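Chain and residue survey
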Amino acid sequence: MTKDLPKLKNIPTHVAVIMDGNGRWAKKQGLMRVRGHEKGAKAVRQTVETCAELGVKYLTLYAFSTENWKRPKLEVDTLMKLLVSSLKKELPTLQNNNISLKAVGALELLPATAQKELQEVIQATKDNSHMSLTLALSYGSREELISVIKNIASQVKDGNLEIEDIDNEVIHQHLYTSFMPDVDLLIRTSGEQRISNFLLWQIAYAELYFTEVLWPDFRKEHLIEAIYNYQDRERRFGKTSEQL
Ligand code: FPP
């Protein structure tokens, strides 16, 4: 840990981020929206490195939602190109910090070049164990839950699962995110206070943190502020303070 980092106890195991405000950032500067995404892609590295430095074990970033496919073609194409170029550029960052990359979502809808690059980086980093970085791409939580329900229903139909045995754990095992624990801290930038179809099941007990900072301006100090804020909260999981 570097000297300038405050000593932090009770670090969230799983941090998830809705990186919002790229378009507004660009508009404020009188630039095209895509310039905001470029700047947003650059901001990703500091959050990844800081989480790794602090000892966060899982970081999940909402990089592209199922709804984002409806944006103008230029914007979608730019985001896909940015994904490919960022993956190429950031592989050393992942290796140097011992971070493995994963992706969740309807990945088959991504352009072939993006799928290929993604698989290459996933493969190259699969044995890294310090932190797991997951990109939610072409991701929608309702779509994920529909796939969970379909899979469980077909197991029941085939006689491999009893209805009475369906519980939290069975659902967890069928989620795209089955390799991770639930989210502890969910951060959304840009002042919007919505979940926007992100990890609906996984945030059941997450602390929610909203900041006015636009994603391209989000830096190490903003992340540390969010973690301090998280540490000041009492997570009761339905119990009383006295029971904790
Ligand atoms: C929301 O801003 C952001 C996105 C839809 C995409 C997030 C993508 C990046 C940060 C860059 C690429 C990511 C990686 C991992 C390489 P918005 O466009 O909705 O902003 P607005 O609400 O101000 O219009």
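Criteria and thresholds
- Residues numbered from 1 in each chain as written.
- Predicted model: local features only at pLDDT ≥ 70, side-chain atom pairs only at ≥ 80, totals over all residues.
- Heavy atoms only, no water.
- Buried < 20%, exposed > 50% of the residue type's maximum accessible area, 1.4 Å probe, protein only.
- Helix = DSSP H or I, 4+ residues; strand = E, 2+ residues; numbered from the N terminus.
- Pairing = 2+ DSSP bridges.
- Right-handed = clockwise from strand over helix to strand, strands pointing away.
- Salt bridge = Lys/Arg side-chain N within 4 Å of Asp/Glu carboxyl O.
- Near = heavy atom within 4 Å.
- Polar contact = N/O pair within 3.5 Å; in protein donor to acceptor, adjacent residues only side chain to side chain.
- Nonpolar A, V, L, I, M, F, W, Y, C, P; charged D, E, K, R; others polar.
- Axes fitted to C-alpha atoms, helices over the stretch in contact; angles between N-to-C directions.
- Parallel < 35°, antiparallel > 145°, perpendicular 65-115°, else oblique.
- Left-handed = near helix turned anticlockwise from the far one by under 90°.
- Contact = heavy atoms within 4.5 Å.

Some thoughts on the pairing of strand S3 (residues 99-104)
On a regular strand, each side chain points to the face opposite its neighbour's, so the side chains alternate between the two faces of the sheet. Counted residue by residue, S3 has five buried out of six residues, so it is predominantly covered. Here six bridges tie S3 to strand S4 (residues 131-139), and the two strands are oriented parallel to one another. Residue pairing across strands places Ser-100 opposite Ser-132, the latter belonging to S4. Note that the unit made of S3, helix H4 (residues 112-125) and S4 has a crossover that is left-handed.

Considerations on the pattern of salt bridges
All told, the structure shown has 14 salt bridges when counted by the stated rule. Linking Lys-116 and Glu-120 is a salt bridge whose minimum nitrogen-to-oxygen distance equals 3.2 Å. Residue Lys-116 and its partner Glu-120 are both found in helix H4; the two are separated by four residues, about one turn of the helix. Residues joined by salt bridges that share partners form a network here, namely Asp-20, Arg-24, Arg-188, Glu-192 and Arg-194.

Considerations on the site of the ligand
Around the ligand lies a shell of 17 residues, among which Met-19, Gly-23, Arg-24, Arg-33 and Arg-71 are the nearest. In this structure, Asp-20 approaches the ligand through a side-chain N or O atom, which is 3.1 Å from an oxygen atom. The contact in question runs from an oxygen atom of the ligand to an N or O atom on the side chain of Arg-33, over 2.8 Å. Among the elements of the structure, helix H1 (22-28), helix H2 (33-54) and helix H3 (73-96) are those that each provide at least two residues to the shell around the ligand. Broken down by element, the shell around the ligand gets its largest block of residues, four residues, from H2. Its residues placed into classes, the shell around the ligand shows six nonpolar, seven polar and four charged.

Things to note about the packing of H2 against H3
Two packed helices can be described by the angle between their axes and the distance between those axes. Contact pair H2 / H3: the axes reach a minimum separation of 10 Å and the direction vectors enclose 30°. Relative to H3, the element H2 lies roughly parallel. Handedness of the crossing formed by H2 with H3: right-handed. Residues Arg-33, Val-34, His-37, Glu-38, Ala-41, Arg-45 and Glu-49 of H2 form the contact with H3, whose own contacting residues are Leu-74, Glu-75, Thr-78, Leu-79, Leu-82, Ser-86, Glu-90 and Thr-93.

Here's the deal with unusual backbone geometry
Of note in the backbone geometry, Asn-98 takes a positive phi value of approximately 60° without being a glycine. Exposure remark for Asn-98: the relative accessible area of 29% places this residue in the partly exposed category. In this structure, Ser-196 is a non-glycine residue whose phi angle is positive, near 50°. Tracing the sequence through the fold places Ser-196 in the loop between strand S5 (185-188) and strand S6 (207-210).

Some words on the packing of H3 against H4
Here H3 crosses H4 at 5°, and the two axes come no closer than 9 Å. With respect to each other, H3 and H4 are oriented roughly parallel. Between H3 and H4, the contacting residues are Leu-83, Val-84, Leu-87, Lys-88, Leu-91, Leu-94 and Gln-95 on the first element and Thr-113, Ala-114, Glu-117, Leu-118, Val-121, Ala-124 and Thr-125 on the second. Residues belonging to the contact of H3 with H4 are distributed by class as follows: nine nonpolar, three polar and two charged.

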